[in-house]
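One letter stands for each residue in the lines below.
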Amino acid sequence: MTEFDAKILSIANRAVYAAQEENRRKGIPNVYVLNGTIVWQMPDGSITTVNPDA
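Parameters and conventions
Residues numbered from 1 in each chain as written. Predicted model: local features only at pLDDT ≥ 70, side-chain atom pairs only at ≥ 80, totals over all residues. Heavy atoms only, no water. Pairing = 2+ DSSP bridges. Helix = DSSP H or I, 4+ residues; strand = E, 2+ residues; numbered from the N terminus. Contact = heavy atoms within 4.5 Å. Axes fitted to C-alpha atoms, helices over the stretch in contact; angles between N-to-C directions. Expected span 1.5 Å × (residues − 1).

## Regarding the sheet that holds strand β3 (residues 47–48)
- Taken in spatial order, the three strands of this open sheet run β1-β2-β3, and their pairing is antiparallel. Of all the strands in the sheet, just β1 (30–34) and β3 have a single pairing partner and so form its edges.
- With two bridges joining them, strand β2 (residues 37–41) and β3 adopt antiparallel strand pairing. Across the sheet, the residue bridging to Gln 41 is Ile 47, located in β3.
- The sheet contacts of helix α1 (residues 3–26) involve β1 and β2, and relative to β1 the element is tilted by about 125°.

Rendered as structure tokens:
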């Protein structure tokens, strides 16, 4: 990895972390794909495979 790549990755990681924290503060679940399955991480930290907005 070049120094430029490392800087871009660092900036991207900080942006993702900030967005995740903002979602938690606002009570919005974070959505991820784990092993091909969509999961929602609720603001309390629990994880579910059931869409909370459905």
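## A look at the environment of Trp 40
- Take Trp 40: it is sitting in strand β2.
- Distance from Trp 40 to Phe 4, taken between C-alpha atoms, is 32 Å for residues 36 residues apart in sequence.
- The contact partners of Trp 40, leaving out residues within four places of it in the chain, are Pro 29, Asn 30, Val 31, Ser 46, Ile 47, Thr 48, Thr 49, Val 50, Asn 51 and Pro 52.

## Points about α1
- Given a rise of 1.5 Å per residue, 24 residues ought to cover 34 Å, and the 35 Å separating the end C-alpha atoms of α1 matches this to within 8%.
- Of the residues flanking the end of α1, it is Gly 27, one or two places downstream, whose phi is positive at about 80°.

## Observations concerning the pairing of β2
- The pairing of β1 with β2 spans five bridges and is classified as antiparallel. Within β2, the position partnered with Val 31 by the bridge is Trp 40.
- Hairpin connection of β1 to β2: two residues between the antiparallel strands, including Asn 35 at a positive phi of 50°.
- Taken together, β2 and the strand that follows it, β3, pair antiparallel across an intervening segment of five residues, in which Gly 45 is found at a positive phi of about 95°.

Interpretation in functional terms is not warranted from these geometric data alone.
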